[in-house]
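# Topology and contacts: notes
So you can see what is in the structure, the chains are spelled out below.
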Amino acid sequence: MTAETGARLTIDLGALAHNHAVLLKQAQGAELAPVVKADGYGLGVGPVARRLHESGARTFYVARVAEGEALRRELGGREARIYVFDGAVGDLARFEAAKLTPVLTSAEQAKRWTGPCALHVDTGMNRIGVSIEEAETLAHSGRRPDLILSHLGRAAEPDHPRNASQLERFRQAIAAFPGVPASLAASAGMHLSPDYLFDQVRPGISLYGGGPLEVSDARLRAVATLTAPILQIRDLRAGEAVGYGAMFTAPAPMRIALAAAGYADGVLRTAHGKTSGFVGGQRRAVVAITMDLIALDVSEGQAALGDEVEFLGPNIQLDDLAAAAGSVAHECLVRLSARAERIYLG
Ligand SMILES: *Cc1c(COP(=O)(O)O)cnc(C)c1O
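For clarity, every value in this text was computed on a predicted model and none was experimentally measured.

## Considering the site of the ligand
Around the ligand sit 13 residues in total, of which Lys37, Tyr41, Ser187, Gly204 and Ile205 are the nearest. Take Lys37: an N or O atom from its side chain is 2.8 Å from an oxygen atom of the ligand. Contact between the ligand and His151: a nitrogen atom at 3.5 Å from a side-chain N or O atom of the residue. Contact with the protein chains removes 91% of the 390 Å² of surface that the ligand exposes when unbound. The cavity that encloses the ligand is the largest pocket. In terms of residue class, the shell around the ligand is built from 6 nonpolar, 4 polar and 3 charged.

## Observations concerning the packing of helix α1 (residues 13-26) against helix α3 (residues 45-54)
Closest axis-to-axis distance for the α1/α3 pair is 10 Å, and the angle between their directions is 45°. On the basis of their axis angle, the class for α1 and α3 is oblique. When the axes of α1 and α3 are compared, the crossing they make is right-handed. Touching Leu13, Leu16, Ala17 and His20 of α1 are Pro47, Val48, Arg51 and Leu52, all from α3.

## Examining the packing of aromatic side chains
Scanning all chains against the criterion turns up 5 aromatic pairs. Relative to Tyr83, the ring of Tyr61 has its centre 5.2 Å away and its plane inclined at 20°; by these criteria the two rings are stacked. With Tyr61 in strand β3 (residues 59-62) and Tyr83 in strand β4 (residues 81-84), this pair connects stretches of sequence that are 22 residues apart. Ring centres of Phe95 and Trp113 lie 5.6 Å apart, and the angle between their planes is 55°; on these two criteria the pair is classed as tilted. In this pair, Phe95 sits in helix α5 (residues 93-97) while Trp113 sits in the loop between α6 (107-112) and β6 (118-120), placing the two residues 18 residues apart along the sequence. We classify Phe95 as buried; its relative accessible area is 1%. Among the aromatic side chains, those forming a connected cluster through ring pairs are Tyr61, Tyr83 and Phe85.

## Structural notes on the environment of Gly266
In this fold, Gly266 is placed in the loop between β13 (254-259) and β14 (276-279). Those residues within four positions of Gly266 in sequence are excluded, and the remaining contacts are Cys332, Arg335, Leu336 and Ser337.

## Some points on the pairing of strand β1 (residues 8-12)
Burial runs high along β1: 5 of the 5 residues are buried. Burial along β1 is two-sided: the face carrying Arg8, Thr10 and Asp12 and the face carrying Leu9 and Ile11 are both buried. Two strands pair when backbone bridges link them, and β1 and strand β18 (residues 341-345) are joined in this way by 5 bridges, in the parallel orientation. Across the sheet, Arg8 pairs through a bridge with Glu341, a residue of β18. Sheet topology places β1 next to strand β10 (residues 224-236); 4 bridges connect them, and they run antiparallel. Residue Thr10 lies in a different strand from β10, and its bridge partner there is Thr225.

Each value, and the rule that gives it
Residues numbered from 1 in each chain as written. Predicted model: local features only at pLDDT ≥ 70, side-chain atom pairs only at ≥ 80, totals over all residues. Heavy atoms only, no water. Near = heavy atom within 4 Å. Polar contact = N/O pair within 3.5 Å; in protein donor to acceptor, adjacent residues only side chain to side chain. Areas by Shrake-Rupley, 256 points an atom, 1.4 Å probe, with all protein chains shown as cover. 1 Å grid on protein atoms, 1.4 Å probe; cavity = no way out; pocket = protein on both sides within 12 Å on 5 of 7 lines; lining within 4 Å. Sits in = over half its atoms within 2 Å of the grid points. Nonpolar A, V, L, I, M, F, W, Y, C, P; charged D, E, K, R; others polar. Axes fitted to C-alpha atoms, helices over the stretch in contact; angles between N-to-C directions. Helix = DSSP H or I, 4+ residues; strand = E, 2+ residues; numbered from the N terminus. Parallel < 35°, antiparallel > 145°, perpendicular 65-115°, else oblique. Left-handed = near helix turned anticlockwise from the far one by under 90°. Contact = heavy atoms within 4.5 Å. Phe/Tyr/Trp six-rings, centres within 6.5 Å; stacked < 30°, edge-to-face > 60°. Buried < 20%, exposed > 50% of the residue type's maximum accessible area, 1.4 Å probe, protein only. Pairing = 2+ DSSP bridges.

And the structure:
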């Protein structure tokens with residue numbers, strides 16, 4: 001039994017460094033520029049970015065200006081380029097003060113900001129970025145960004161024809177900027193083929209243990225582990241319900257354990273009935289998830305008060321939890337809340 005009574009989030013920075021090394025090999029010489037937006041995918045941008053810097057990363061991506069400012073503070077005096085996906089928005093003095101580099105996403109931004117920048121070209125995802133024609137116009141006006149990037153919309157589906165068409169449009173866009181480095185692939189795109197690697201890759205989720213194709217990848221290690229102790233064990237008669245409403249009704253007599261974690265700690269409520277908790281060397285069905293408690297079926301095998309149950313980690317993999325919740329690994333990580341006690345290893 002441990003001293004802690006609630007959920008505990010263990011963040012294994014050694015596993016992060018391991019995943020970085022695996023992806024670096026996959027990058028085949030392209031620069032690996034980690035994406036650490038949303039507080040390092042919920043795992044703490046300071047410890048995450050410092051560990052990646054130690055592994056050799058010198059270029060980082062965030063989404064928002066405030067995230068860039070926080071990252072610059074967390075890196076202290078360490079030398080690093082910080083790109084901001086949102087581009088040159090808001091008070092531009094903030095970019096200069098924190099030495100942030102905008103990823104320009106429109107022709108208007110290219111007028112507002114004349115300093116060092118990357119240029120985001122939309123090649124068919126229709127989310128953000130300048131069109132190929134706008135990029136060509138900028139090139140003809142003599143504008144030379146430090147990097148040209150684009151983002152793939154269907155890279156987790158290797159056979160989707162959109163990948164090849166985006167690759168072709170990207171090649172067209174970069175042809176307007178001879179000599180300027182290019183970046184197309186995030187975690188999933190890195191695994192399509194070496195054609196997608198270019199000069200720099202921008203993985204996020206795979207650094208944190210999520211498989212590039214939305215299923216777990218045995219080469220990657222779990223960075224985040226969420227555990228909680230069993231607070232109570234109770235026997236149910238057939239027909240008795242657990243928790244609010246009718247989330248779960250025992251079909252037969254059974255024994256359940258209540259562990260001290262809930263959706264307030266970030267275990268997505270929609271995963272109940274489909275995910276498991278790992279305790280006593282076995283996976284046990286999670287039958288209900290409330291704000292503070294998770295109910296598991298412990299009718300078979302051993303489980304005792306105080307035993308730690310893993311809800312995410314090496315045994316309950318991120319991609320499986322995401323699939324059970326009807327979500328993606330990215331969301332499972334960023335939802336991990338501040339309530340769970342955090343411990344950093346390595
Ligand atoms: C979030 C993001 C990434 C990283 O994506 P992952 O799927 O986490 O690897 C890369 N590039 C852009 C433009 C992004 O928005």
